[in-house]
Amino acid sequence: MTPWLVIVAVALGTYAIRASMFVLVGVRPLPRRLEAMLGLVAPAAVAALVSSIVLIRAGSVEPAPIPELAAIAAGLVAVRRTGNVLAAFAVGMPLFWLLTPALP
Amino acid sequence: MMSLAARRPRTDARRAFVGGVRDIAPLAASVAPFGLAIGAAVGASDVPRLAGWAGGPLILAGSAQLTTVEMLDAGAAPLVIIVSALVLNARILMYGAALAPWFRDETLMRRLLLAVPLIDQLFLVAAPRFEEDDLDRRARQAYYGGAASVLIGVWVAAQTIGLVAGVGLPPALGLHLAAPLALAGLLAKSINGRPAIVAAIVAALVVVVGAGLPQQSGVLVAASVGVAVGHMTATRRERTSS
């Protein structure tokens, strides 16, 4: 029984987090200062996500293996150049496959 | 002429729906390996399979779901598990704040429905698309709905396959890299202008500095600090240039 209760509680709590701002915006407009910042949420959040996936393991700083770091850096540059997200896979995956046998 | 004008929004909405499907496709594909792995993890744990599987469509957030399943399996206290998972998901609050103004004219019921699928990949695709500002209300919802349905469809299918097949993908294939690769691609597209670059760099650094933050709150804290510092550089530049 406990697993179900915990999973449903996490689901409801997560939904409350998702819905809170959508509900609030109907009650009163967001403060202008806050609204000016919202365009920066995407770059900041995605940078934080990538950084935490690549550099953090179980609460401490532990960088991913070099082939993974190289693939992700190359993917970032490739998308920067082409403007197409698919370029990240096209460049990053082959680089990872090439480097993995070469590096420990 | 009248009928043409009346028909136009419908075509726009349909085109926007297809656009949402197309834009989310690479990202939906990139989370499939993670979905497979979570399905396999549920199968290998002591958590009842149906409950663990239901966590996919109910929680709709991979890292929180995996944390929940792993902590249940380890016998952690229910309240500790719930708090951990919710802290991990607190970053969604920022996505809600950033998208809410685009949906402010919808009914409360509609907004409650639009909140259901809100998650990293959907936000990261929808926010820059909305900012191009060429979609009307209906088209925005169509775009968002198209993207959300593909993302959820792939996510639930991948977890189901992982659970039934009982195995994730072999690590040597490196497909676990797909999600961070896609995110890196979105990062490359989102850093336009000095404030955005500052926000991204600061956020990435704060993650490292805050590695020991409790309950994996690092991403939320780092993103908030990044937004604040990026905003400061923007306002300072405005002041000096005016």
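Keep in mind it's a predicted model, so treat the numbers as computed, not measured. (Residues numbered from 1 in each chain as written. Chains lettered and ligands numbered in written order. Predicted model: local features only at pLDDT ≥ 70, side-chain atom pairs only at ≥ 80, totals over all residues. Heavy atoms only, no water.)

1. Remarks on the interface of chain B and chain A
For clarity, the threshold we go by: Working rule for contacts: check all heavy atoms of both residues, and any pair within 4.5 Å makes them a contact. What gets called buried area is simply the loss in accessible area from a 1.4 Å probe that two parts show on being joined, summed for both. Salt-bridge detection follows one rule: a side-chain nitrogen of Lys or Arg within 4 Å of a carboxyl oxygen of Asp or Glu. Under the rule applied, a polar contact is a pair of N or O atoms within 3.5 Å (in protein, one hydrogen donor and one hydrogen acceptor; residues adjacent in sequence only if both atoms are side-chain atoms).
The interface is formed by 87 residues belonging to chain B together with 64 residues belonging to chain A. Taking both sides of the interface into account, the surface hidden between chain B and chain A amounts to around 6,300 Å²; carbon and sulfur atoms contribute 81%. Contact with chain A buries area across many residues of chain B, yet Leu177, Leu181 and His231 of chain B alone supply 10% of it, more than any other trio. Put simply, chain B and chain A have zero salt bridges between them. In this structure, the connection of chain B to chain A is made through 13 residue pairs in polar contact (both at pLDDT 80 or more).

2. Considering the domain arrangement of chain B
Residues and elements named next belong to chain B. As a reminder of what qualifies: A domain assignment, automatic or from a database, supplies the domain bounds used here.
What the domain assignment reports for chain B is domain 1 (2-190) and domain 2 (191-242). For domain 1 and domain 2, the distance between their C-alpha centres works out to 24 Å. Each partner contributes to the interface: domain 1 provides eleven residues, whereas domain 2 provides twelve residues. Across the domain 1 to domain 2 interface the summed buried area is about 890 Å²; carbon plus sulfur atoms make up 66%.

3. Regarding the nonpolar core
This is how it is decided: Only buried Ala, Val, Leu, Ile, Met, Phe, Trp, Tyr and Cys residues count toward a nonpolar core, and they belong to the same one when joined by side-chain atoms within 4.5 Å. Type-normalised accessible area, obtained with a 1.4 Å probe on protein chains alone, sets the label of each residue: buried when under 20%, exposed when over 50%, and partly exposed for intermediate values. The numbering of helices and of strands both runs from the N terminus, where a helix is a DSSP run of H or I of at least 4 residues and a strand a run of E of at least 2.
If you look at the biggest cluster of nonpolar residues, it comprises 108 residues, and the most contacted ones within it are Phe22 of chain A together with Leu99, Phe123, Phe130 and Tyr144 of chain B. Considering each element in turn, this core owes the most residues, ten residues, to helix α3 (residues 41-55) of chain A. Discounting chain neighbours no more than four positions away, the residues touching Tyr144 of chain B are Phe22 of chain A together with Leu99, Phe103, Leu114, Pro117, Leu118, Leu122, Ala126 and Phe130 of chain B.

4. A short note on the pattern of salt bridges
Residue and element names in this part refer to chain B. Within the structure shown, the criterion is met by five salt bridges over all chains. Asp23 is the salt-bridge partner of Arg22, the closest N and O atoms lying 3.9 Å from each other. The partner of Asp134 in a salt bridge is Arg129, and the shortest N-O contact between them spans 2.8 Å. Looking at Arg129, the relative accessible area reads 17%, which means it is buried. It is possible to trace a salt-bridge network through shared partners that takes in Arg129, Glu132 and Asp134.

5. A word on the confidence of the model for chain B
Inclusion rule: For every residue, the pLDDT score states the predictor's confidence, bounded by 0 at the bottom and 100 at the top.
Looking at chain B, the pLDDT average stands at 90 and 92% of residues meet or exceed 70. pLDDT under 50 marks residues 1-7 of chain B. Its contacts with residues more than four places away, or in other chains, come to zero contacts.

6. So, the layout of surface pockets
A probe matching the size of a water molecule, rolled over the atoms, marks out where space remains unfilled. Here is the rule: A 1.4 Å probe that fits but cannot get out identifies a cavity on a 1 Å grid over protein atoms alone, an open set with protein on both sides within 12 Å along at least five of seven lines counts as a pocket, and a residue lines either if it has an atom within 4 Å of a point. Grid points are joined across faces, edges and corners, and a volume is the space filled by probe spheres set on the points. In the scheme used here, Gly and all other residues not listed as nonpolar or charged are polar, with Ala, Val, Leu, Ile, Met, Phe, Trp, Tyr, Cys and Pro taken as nonpolar and Asp, Glu, Lys and Arg as charged.
In this model, the second largest pocket occupies a volume close to 640 Å³. Forming the boundary of the second largest pocket are 27 residues, of which Leu124, Val125, Pro128, Arg129 and Lys189 of chain B lie nearest the centre. Those elements giving two or more residues to the lining of the second largest pocket turn out to be α3 of chain A together with α1 (2-44), α7 (120-131), α9 (178-190) and α10 (194-209) of chain B. Broken down by element, the residue count for the lining of the second largest pocket peaks at six residues, all from α7 of chain B. By residue class, the composition of the lining of the second largest pocket is 16 nonpolar, five polar and six charged. Here the lining of the second largest pocket spans two domains, and each of domain 1 (2-190) and domain 2 (191-242) of chain B adds at least three residues to it.

7. Some words on α9 of chain B
All names here are of chain B. Rule in force here: Multiplying 1.5 Å by the residue count of a helix minus one yields the expected span of that helix.
Taking 1.5 Å per residue as the helical rise, α9 with its 13 residues ought to reach 18 Å, and the 18 Å between its terminal C-alpha atoms agrees with that figure. Burial of α9 is extensive: eleven of the 13 residues sit out of reach of the surface. Every buried residue belonging to α9 is among Ala178, Ala179, Pro180, Leu181, Ala182, Leu183, Ala184, Gly185, Leu186, Leu187 and Ala188, and all of these are buried.

8. Describing the packing of aromatic side chains
For clarity, the threshold we go by: When the centres of two rings from Phe, Tyr and Trp lie within 6.5 Å, Trp using its six-membered ring, the rings pair. Their planes under 30 degrees apart give stacked, over 60 give edge-to-face, and anything left gives tilted. Whether a charge sits over a ring depends on NZ of Lys or CZ of Arg being within 6 Å of the ring centre and within 35 degrees of the ring normal.
In total, this model carries seven aromatic pairs over all chains according to the counting rule given. Their ring planes at 75 degrees and their centres at 5.2 Å tell us that Phe103 of chain B and Tyr144 of chain B sit as a pair that is edge-to-face. Taken as a pair, Phe103 of chain B in the loop between α5 (92-99) and α6 (108-115) and Tyr144 of chain B in helix α8 (residues 137-165) lie far apart in primary sequence, 41 residues in all. Put simply, the rings of Phe22 of chain A together with Trp102, Phe103, Phe130, Tyr143 and Tyr144 of chain B touch in pairs and so form one group of aromatic residues. One Lys or Arg, Arg129 of chain B, reaches over the ring of Tyr143 of chain B and ends 5.7 Å from the middle of that ring.

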